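# Fold and contact review
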Amino acid sequence: MDKSKQPFRKYKRSFRRRLSPIGSGDRIDYRNMSLISRFISEQGKILSRRVNKLTLKQQRLITIAIKQARILSLLPFLNNEKQFERAESIPRTTGPRTRNK
């Protein structure tokens, strides 16, 4: 059969299984701060599943553990140290406010 007259075929991709960053011995728990901190950005946001390379079940468990740790004050809700530094360095240009009666 001539190549130009062959029916359209989808080529199969070679699928390589991703290795999970969570080992089989690691328990996903709100007390395991060394594990939880790997899945939080510098700003304190939970990283997406695509970035983490986790399975759906693992991502759900990580999200629940992070939220529990935040509620128990083991983790901050926001890590906004950079915002405070920037706000302090900007000088205020407005003068004192006067109250109009």
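A few points on the structure. What you see as residue numbers is a count from 1 along each chain, following the sequence as written. Per-residue local features are limited, in this predicted model, to residues with pLDDT of at least 70; the limit for side-chain atom pairs, both in listing and counting, is 80 or more; totals at the level of whole chains, interfaces and linings are taken over all residues. Each side-chain value is derived from all of the structure's non-hydrogen atoms; neither hydrogens nor water enter the calculation.

## Thoughts on the nonpolar core
Counting residues in hydrophobic clusters, the biggest one holds eleven residues: Ile-22, Leu-35, Ile-36, Phe-39, Ile-40, Leu-54, Ile-62, Ala-65, Ile-66, Ala-69 and Leu-75. Those elements giving two or more residues to this core turn out to be helix H1 (33-36) and helix H3 (56-71). Helix and strand definitions here come from DSSP, where helices need a minimum of 4 consecutive H or I residues and strands a minimum of 2 consecutive E residues; each element is numbered from the N-terminal end. Looking at which element gives the most residues to this core, the answer is H3, with four residues. Contacts between residues were defined by any pair of non-hydrogen atoms, one from each residue, lying within 4.5 Å. The residues touching Ile-62, leaving out its near neighbours within four places in the chain, are Ile-22, Ile-28, Leu-35, Phe-39 and Leu-54. Buried Ala, Val, Leu, Ile, Met, Phe, Trp, Tyr and Cys residues form a nonpolar core when they are joined through side-chain atoms within 4.5 Å. The classification of residues rests on relative accessible area computed with a 1.4 Å probe and restricted to protein chains. Under 20% of the type maximum is buried, over 50% is exposed, and intermediate values are partly exposed.

## Regarding the pattern of salt bridges
Salt bridge, as used here: a side-chain nitrogen of Lys or Arg that lies within 4 Å of a carboxyl oxygen of Asp or Glu. Under the criterion given, the structure shown has two salt bridges. When the shortest N-O distance is used, the salt bridge between Asp-26 and Arg-38 registers 3.9 Å. With Asp-26 in the segment before H1 and Arg-38 in the loop between H1 and helix H2 (49-52), this pair connects stretches of sequence that are twelve residues apart. When its relative accessible area of 35% is taken as the criterion, Asp-26 is described as partly exposed.

## Digging into unusual backbone geometry
Residues other than glycine seldom take positive phi values, yet Lys-53 does so here, at roughly 60°. Mapped onto the elements, Lys-53 comes out in the loop between H2 and H3. The phi dihedral of Ser-73 falls on the positive side, at around 60°, and the residue is not glycine. Here Ser-73 is to be found in the loop between H3 and helix H4 (81-89). Relative accessible area serves as the criterion here: at 63%, Ser-73 is assigned to the exposed category.

## A closer look at the environment of Ala-69
Checked against the element boundaries, Ala-69 lands in helix H3. Beyond its immediate stretch of four places on either side in the chain, Ala-69 contacts Tyr-30, Leu-74 and Leu-75.

## Overview of the environment of Lys-67
Mapped onto the fold, Lys-67 is located in helix H3. Linking Lys-67 and Phe-77, residues ten residues apart in sequence, is a C-alpha distance of 8.7 Å.

## Considering the environment of Arg-60
In this fold, Arg-60 is placed in helix H3. With relative accessibility at 52%, the residue Arg-60 sits in the exposed group. Spatially, the C-alpha atoms of Arg-60 and Arg-49 are 9.3 Å apart, while their sequence positions differ by eleven residues.

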